[in-house]
There are 2 protein chains.
Amino acid sequence: MNIGTVSKLSGVPAKTIRYYESVGLLPDPVRSENGYRTYGDQEVETLKFVQRSRKLGFKVKDVAALLTLWQDKNRASGDVKALAVSHIQEVEERIKELEAIRSTLLHLVNRCHGDDRPDCPILEGISEK
Amino acid sequence: MNIGTVSKLSGVPAKTIRYYESVGLLPDPVRSENGYRTYGDQEVETLKFVQRSRKLGFKVKDVAALLTLWQDKNRASGDVKALAVSHIQEVEERIKELEAIRSTLLHLVNRCHGDDRPDCPILEGISEK
DNA sequence: TCTTGACCTTCCCACTACTGGAAGGCTCAT
DNA sequence: ATGAGCCTTCCAGTAGTGGGAAGGTCAAGA
């Protein structure tokens, strides 16, 4: 399988696969005689795992850790849980920040008539706060 | 006022002020004979405005637009409102994404005993999903 | 056989919004 | 004169791609 095929099967763009390889998330693949990267079914699964981890918001470095644990049959599930719990906390913090932003913006927007007049509580709110 | 003073008064790091200048968010300041950037009280206010806009999650390009509107005494408040409303929508979308992530992770974490055993529903959940 | 198109390769630039550091100049106090 | 603490510019790096150039490879059709 060449990189294009793996890309289609896994849903990860070829560019991104090469990037993951360059930062050490994926091992250097076997090359065929013409220099093309060659992959098997296993790599498709690995990439799917990476893709899903990324979609859950894990950073590439965290994914590297998860991947190691995933492939380690003697792993301790506590290690994985610790990673996930810490990530949940980050996500929750981010949600709180965004909700505070949302609330402030909604407050400002609701007081702005939003027509052709220059009077604007939004700008005033930002500049006086 | 030199850049260090403006930085202290506005809360924006000197490095960041130079960066804002380099990307055109701020105009080139007057330079004194020795080449130092020279600022007045107005610039402190501008930087505070920028700082607060950024904390509300507006991108630098959006801040540039807000800044223009802020300084335009003939602006239409509708223009500002449109920017803010569009930003609120982005924020709300991001919140929804993060909440979905949070919910998935919580679900996985709750099913993981998290001890020394290798059995791990989190990794299984990510790889099978 | 030649050519076209679809692959693949590496390399570099751009993006966001800074942040850090190096190397050097200026000012003021001691 | 020397040192601290400013200031200057420029370079590089962060995360995770996207885009594109320049070139090699391969399979199929005229």
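Residues numbered from 1 in each chain as written. Chains lettered and ligands numbered in written order. Predicted model: local features only at pLDDT ≥ 70, side-chain atom pairs only at ≥ 80, totals over all residues. Heavy atoms only, no water.

### Some thoughts on the pattern of salt bridges
Stated precisely, the cut-off is as follows: Take a side-chain nitrogen of Lys or Arg and a carboxyl oxygen of Asp or Glu: if they are within 4 Å of each other, that pair is a salt bridge. Elements are defined by DSSP. Helices are runs of H or I of four residues or more, strands are runs of E of two residues or more, and each kind is numbered from the N terminus. Remark: exposure states derive from per-residue accessible area (1.4 Å probe, protein chains only) relative to the maximum for the residue type, with buried under 20%, exposed over 50%, and partly exposed in between.
For the structure on display, the rule yields twelve salt bridges over all chains. Arginine 94 of chain A is the partner of glutamate 97 of chain A in a salt bridge, and the nearest nitrogen-oxygen pair spans 2.7 Å. Linking glutamate 97 of chain A with arginine 94 of chain A, this pair stays in helix 5 (residues 77–110), spanning three residues, or about one helical turn. Taking relative accessible area as the criterion, glutamate 97 of chain A reaches 39% and is therefore assigned partly exposed. Across the pair aspartate 115 of chain B and arginine 117 of chain B runs a salt bridge, and its minimum N-O distance is 2.7 Å. Since its relative accessible area comes to 47%, arginine 117 of chain B is described here as partly exposed. Three or more residues joined by partner-sharing salt bridges are found here, namely Glu21, Arg31 and Arg37 of chain A.

### Here's the deal with the relation of the copies chain B and chain A
Here is the rule: Least squares is the method for superposing the copies, and the C-alpha atoms it fits come from residues with pLDDT of at least 70 in both. Contact between two residues is taken to exist if any of their heavy atoms lie within 4.5 Å; hydrogens are not considered.
Each copy superposes on the other: chain B lies on chain A with an RMSD of 0.2 Å after a rotation of 180° and an axial shift of 0.0 Å. Here the two chains are linked by the operation of a two-fold rotation axis. When C-alpha distances to the rotation axis are compared across chain B, the minimum falls at isoleucine 95 of chain B, with a value of 2.9 Å. Interface overlap between copies is the fraction of interface residues in one copy that are interface residues in the other; for chain B against chain A it reaches 100%, indicating a shared surface.

### Observations regarding the interface of chain B and chain A
Formally: Reported buried area values correspond to the accessible surface (1.4 Å probe) lost by two parts on association, with both partners' losses combined. Whenever a nitrogen or oxygen atom comes within 3.5 Å of another N or O atom, the pair is scored as a polar contact, on the condition that within protein one atom can donate a hydrogen and the other can accept it, and that pairs from neighbouring residues in sequence are kept only if both atoms are in side chains.
Counting residues at the interface gives 49 residues for chain B, matched by 49 residues for chain A. Interface area lost by chain B to chain A is led by Leu56, Leu123 and Ile126 of chain B, which between them contribute 16%. For the interface between chain B and chain A, the tally reads two salt bridges. Residue glutamate 92 of chain A pairs with arginine 102 of chain B through a salt bridge whose shortest N-O separation is 2.7 Å. Scanning the region where chain B abuts chain A turns up 22 residue pairs in polar contact (both at pLDDT 80 or more).

### What to know about the protein's contact with DNA strand C
Convention followed: The near set for a molecule or strand comprises every residue that places at least one heavy atom within 4 Å of it. Think of it as three bins: nonpolar holds Ala, Val, Leu, Ile, Met, Phe, Trp, Tyr, Cys and Pro, charged holds Asp, Glu, Lys and Arg, and polar takes everything else, Gly as well.
The local shell around DNA strand C holds 19 residues, among which Gly4 and Arg18 of chain A together with Lys15, Tyr19 and Arg54 of chain B are the closest. Take the atoms of DNA strand C that sit within 4 Å of the protein: sugar and phosphate atoms are 66% of them. Within the contact set of DNA strand C, a phosphate oxygen lies 3.0 Å away from a side-chain nitrogen or oxygen of threonine 16 of chain B. In the model, a phosphate oxygen of DNA strand C is placed 2.9 Å from a nitrogen or oxygen of the tyrosine 20 of chain B side chain. Of all elements in the fold, only helix 1 (3–10) and helix 2 (14–22) of chain A together with helix 2 (14–22) of chain B reach the threshold of two or more residues within the surface near DNA strand C. Per-element tally for the surface near DNA strand C: the top contributor is helix 2 of chain B, with four residues. Residues belonging to the surface near DNA strand C are distributed by class as follows: seven nonpolar, five polar and seven charged.

### Regarding the protein's contact with DNA strand D
Near DNA strand D there are 18 residues, and of these Lys15, Thr16, Tyr20 and Tyr36 of chain A together with Gly4 of chain B occur at the shortest range. Restricting the count to atoms of DNA strand D within 4 Å of the protein gives a sugar and phosphate share of 73%. At 2.8 Å, a side-chain N or O of arginine 37 of chain B approaches a phosphate oxygen of DNA strand D. Those elements that place two or more of their residues in the surface near DNA strand D are helix 2 of chain A together with helix 1 (3–10) of chain B. With four residues, the single largest contributor to the surface near DNA strand D is helix 2 of chain A. In terms of residue class, the surface near DNA strand D is made up of seven nonpolar, five polar and six charged.

### With respect to the side chain of histidine 87 of chain B
Among the secondary structure elements, histidine 87 of chain B is positioned in helix 5 (residues 77–110). Residue class for histidine 87 of chain B comes out buried when judged on its relative accessible area of 5%. Residues in contact with histidine 87 of chain B, not counting those within four places in the same chain, are Leu105 of chain A together with Leu56, Gly57 and Phe58 of chain B.

### Description of the packing of aromatic side chains
The geometry of an aromatic ring pair comes down to the distance between the two centres and the angle between the two planes. Filter applied, for reference: In this analysis, rings of Phe, Tyr and Trp, with Trp reduced to its six-membered ring, are considered paired at centre separations within 6.5 Å, and the interplanar angle assigns stacked below 30 degrees, edge-to-face beyond 60, and tilted for intermediate values.
Evaluation of the coordinates by the stated rule reveals four aromatic pairs over all chains. Ring centres of tyrosine 19 of chain A and tyrosine 20 of chain A lie 6.1 Å apart, and the angle between their planes is 50°; this geometry places the pair in the tilted category. Classification of tyrosine 19 of chain A by relative accessible area gives partly exposed; the value is 46%. Residues phenylalanine 49 of chain B and tryptophan 70 of chain B carry aromatic rings whose centres are separated by 4.3 Å and whose planes lie at 10° to one another, so their mutual orientation is stacked.

Everything listed is a geometric property; what it means functionally is a separate question.
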